[in-house]
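Chain by chain, the residues run as shown.
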Amino acid sequence: MMDVRSARRVSQRQTGAAFVRHRQPNDGVVCTFWLAGNCTRNPCRFIHPGSDKNITQNRPNTWSRSTSDDYRRSARKEEVDLMRTDQEVYQSQKKQRPRTESFDDGQMNNKPRPNNDFVSASGARTTKQALPGICKYWIAGNCVHGDKCQHLHSWHRGDGFSLVTHLDGHKKAVTGIALPEESHLLYTGSKDGTVRIWNCHTGVCTTVVDMGSEVGCLISEGPWVFVGLSNAVRAWNTKTHADNTLSGPVGQVYSLAVSHGMLLAGVHDGSILAWKCNDETSTFKPAACLKGHSNAVLSLVVGAGQLYSGSMDKGIRRWNLETLQCTHVMNGHGHVVMSLICWDQFLLSGSLDKDLKVWVATETGGLDVTYTHVEQEGILSLFGMHDAEAKPILFCSSNDNSVGLYELPSFAERGRIFARKEVRTIQLGPGGLFFTGDGNGRVSVWKFLGEPAAAGATTATTCSS
């Protein structure tokens, strides 16, 4: 009797197990954790391409839990979707994309407007349509789908321009790029506290200058190179080799501009400092301190004899450069105003609220928003130039690590540039070249294809005066 009861207990334990071990085929599914570079299972029942340990369906120790079934079906579906090529996805989305509304809509007055007339219905608003982006696994060097990947395996999308080369050396974000007048040298500044000087013919970094603090911005005007630092501005003359350190700023200098014989600096404390330049002695004398913003001044641009400033206080101010007085305050953005440019008679502003606003002068002397373009992510930087056919192109850098190229005034997307991290600065070069600097410390050199536009048509970032 005792033997019978013991046998019954053993039989009950064998049939009432809490977990059932069974064989589960992987159906050719690539391990998503391996794609991300962090699979810790050995053996793993999903495929690790290139490994000799890919077959797991015959292993008796593969476990399966019902709670992950939905995830596995979803992952398997994604693998099927990835079989479409990036060109097929792009073409299908292109056919479905609605016509992009221009803020130069000729239907407003039943006659065509000139190409530089940006006016449309007050407050018109459009949103950028999403297109295939760059493959993050391709960036990391481990995409297994090759030509069948639905994402781009390229640093740009679009025609009419191409990548020339990358300049690597900075350890942190590039915050400024400049090419002094009549110089074969390229200057780049970074948050790593250095300014690097590159030979434009060879692409080799010839000099690294330790600035002692992070570089907030860097520009050039004529032979001068100006560097915004913490509590100071450094000024070099590449012809006379004059070197000045201008004191006065309280905190980091984030923006610089030159006009009316003055150097202007936007500072962390919300002030704008002005110095008068003496060309004979190559020295600078403090001229004024413009106050009005309640937070850091991140952008300065000059147009039509006026200075425009964008700030972390979400506002934009217009200053008269003769009297150095604030003449108008513009409030329209819901977040930090990161960048300003002037184009023809219009002011364009980009903000972390994702809006790119076009401002036009009113009859009363103020400025109103006439058009709003919406990006998918917050806007970091704006820049304008002409392509090889002298068409006006707007560059718009966003927080999604890309730069959109838009034809003006239609805002039709011309292409898109991608980077490992967000692009902080964009600059024009000679012969159809242009440069981008990203948050990873990389400077990329690009070129418009075709014959470069006339020299007088390549500078389109300031308002006509």
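Residues numbered from 1 in each chain as written. Predicted model: local features only at pLDDT ≥ 70, side-chain atom pairs only at ≥ 80, totals over all residues. Heavy atoms only, no water.

1. With respect to the confidence of the model for the protein
Stated precisely, the cut-off is as follows: pLDDT gives the predictor's per-residue confidence on a scale running from 0 to 100. Whether two residues are in contact is decided by their heavy atoms: any pair within 4.5 Å suffices.
Across the protein, the average pLDDT comes to 79, with 71% of residues at 70 or higher. Low pLDDT, under 50, characterises residues 4-25; the stretch is placed with 16 contacts to residues that sit more than four places away or in other chains. In this model, residues 454-465 is a region of pLDDT below 50 whose contacts with residues beyond four sequence positions or in other chains number 27 contacts.

2. Observations concerning the pattern of salt bridges
Quick reminder of the rule: By convention in these notes, a salt bridge is any Lys or Arg side-chain nitrogen within 4 Å of a carboxyl oxygen on Asp or Glu. Numbering of helices and strands runs from the N terminus; a helix is a DSSP stretch of H or I covering at least four residues, while a strand is a stretch of E covering at least two. Think of it in three bands: residues with accessible area under 20% of the maximum for their type are buried, residues over 50% are exposed, and the middle band is partly exposed, with areas taken using a 1.4 Å probe on protein chains only.
Evaluated as defined, the whole model comprises 11 salt bridges. In this structure, Asp168 engages Arg442 in a salt bridge whose closest nitrogen and oxygen atoms are separated by 2.9 Å. In this pair, Asp168 sits in the loop between strand S3 (161-167) and strand S4 (174-178) while Arg442 sits in the loop between strand S27 (433-438) and strand S28 (443-448), placing the two residues 274 residues apart along the sequence. Two residues, Glu407 and Arg414, come together in a salt bridge whose shortest N-O distance is 3.5 Å. Of the residues examined, Glu407 reaches a relative accessible area of 24% and is grouped as partly exposed. Residues participating in the shared-partner salt-bridge network are Arg157, Glu375, Glu413 and Arg416.

3. With respect to the nonpolar core
To keep it simple, the criterion reads: Residues grouped as a nonpolar core are buried Ala, Val, Leu, Ile, Met, Phe, Trp, Tyr and Cys residues, joined through side-chain atoms within 4.5 Å.
Ranked by internal contacts, the top residues of the largest apolar core, which has 20 residues, are Phe395 and Phe434. Put simply, the parts of the chain that give this core at least two residues each are strand S22 (379-386), strand S23 (392-398), strand S24 (402-407), strand S25 (412-418), strand S26 (423-428) and S28. Take this core: its biggest share by element is three residues, from S26.

4. Quick word on the side chain of His373
Test applied: A 3.5 Å cut-off defines polar contacts: any pair of N or O atoms within that distance qualifies, except that in protein one atom must be a possible hydrogen donor and the other a possible acceptor, and neighbouring residues in sequence count only when both atoms are side-chain atoms.
Position of His373 relative to the elements: it lies in strand S21 (residues 367-374). You can call His373 buried: its relative accessible area is 2%. For His373, the side chain forms a polar contact with the side chain of Glu375, separated by 2.8 Å.

5. With respect to the sheet that holds S27
Note the threshold: Strands were regarded as paired on the criterion that DSSP finds at least two bridges between them. A fitted line through C-alpha atoms represents every axis, and for helices the fit uses only the stretch in contact; the resulting angles, taken between N-to-C directions, go from 0 to 180 degrees.
Taken in spatial order, the four strands of this open sheet run S3-S28-S27-S26, and their pairing is antiparallel. Bordering the open sheet on either side are S3 and S26, each of which pairs with just one other strand. Going from strand to strand, the sheet's axes swing by 25° on average, the running direction of each strand aside. Alignment of S3 against S28, held across six bridges, turns out to be antiparallel. Residue pairing for S28: Leu163 is matched across the bridge by Trp446.

6. Quick word on the packing of aromatic side chains
Inclusion rule: In this analysis, rings of Phe, Tyr and Trp, with Trp reduced to its six-membered ring, are considered paired at centre separations within 6.5 Å, and the interplanar angle assigns stacked below 30 degrees, edge-to-face beyond 60, and tilted for intermediate values. In this analysis the charged atom, NZ for Lys or CZ for Arg, is taken to sit over a ring once it is within 6 Å of the ring centre and within 35 degrees of the ring normal.
Counted according to the given criterion, the structure contains 12 aromatic pairs. With centroids separated by 5.1 Å and ring planes inclined at 80°, the aromatic side chains of Trp224 and Phe284 adopt a geometry described as edge-to-face. One end of the pair, Trp224, is in strand S9 (residues 224-237); the other, Phe284, is in strand S13 (residues 283-290), and 60 residues separate them in sequence. Owing to a relative accessible area of 8%, Trp224 belongs among the buried residues under this scheme. Site record: aromatic cluster; members linked through ring pairs are Phe161, Phe395, Phe434, Trp446 and Phe448. Over the face of the ring belonging to Trp155 we find Arg442, whose NZ or CZ atom lies 6.0 Å from the ring centre.

7. Description of the sheet that holds strand S14 (residues 297-303)
One open sheet holds the four strands; their spatial order is S14-S15-S16-S17, and the pairing between them is antiparallel. Two strands bound the open sheet, and with one partner strand each, they are S14 and strand S17 (325-331). Mean inter-strand twist for the sheet, computed between neighbouring axes without regard to direction, equals 20°. Pairing of S14 with strand S15 (residues 306-311), which is carried by six bridges, proceeds in the antiparallel orientation. In the strand pairing of S15, Gly303 is matched with Gln306.

8. A word on unusual backbone geometry
Omega for the peptide link from Leu408 to Pro409 comes to 10°, which places this bond in the cis form. Considering the arrangement of structural elements, one finds Pro409 in the loop between S24 and S25. Phi angles above zero are rare outside glycine, and Glu182 is one such case at about 55°. Mapped onto the elements, Glu182 comes out in the loop between S4 and strand S5 (185-190). Relative accessible area serves as the criterion here: at 70%, Glu182 is assigned to the exposed category. One non-glycine residue, Leu324, lies in the positive phi region at around 60°. Its location among the elements puts Leu324 in the loop between strand S16 (315-320) and S17. For Leu324, a relative accessible area of 18% translates into the label buried.

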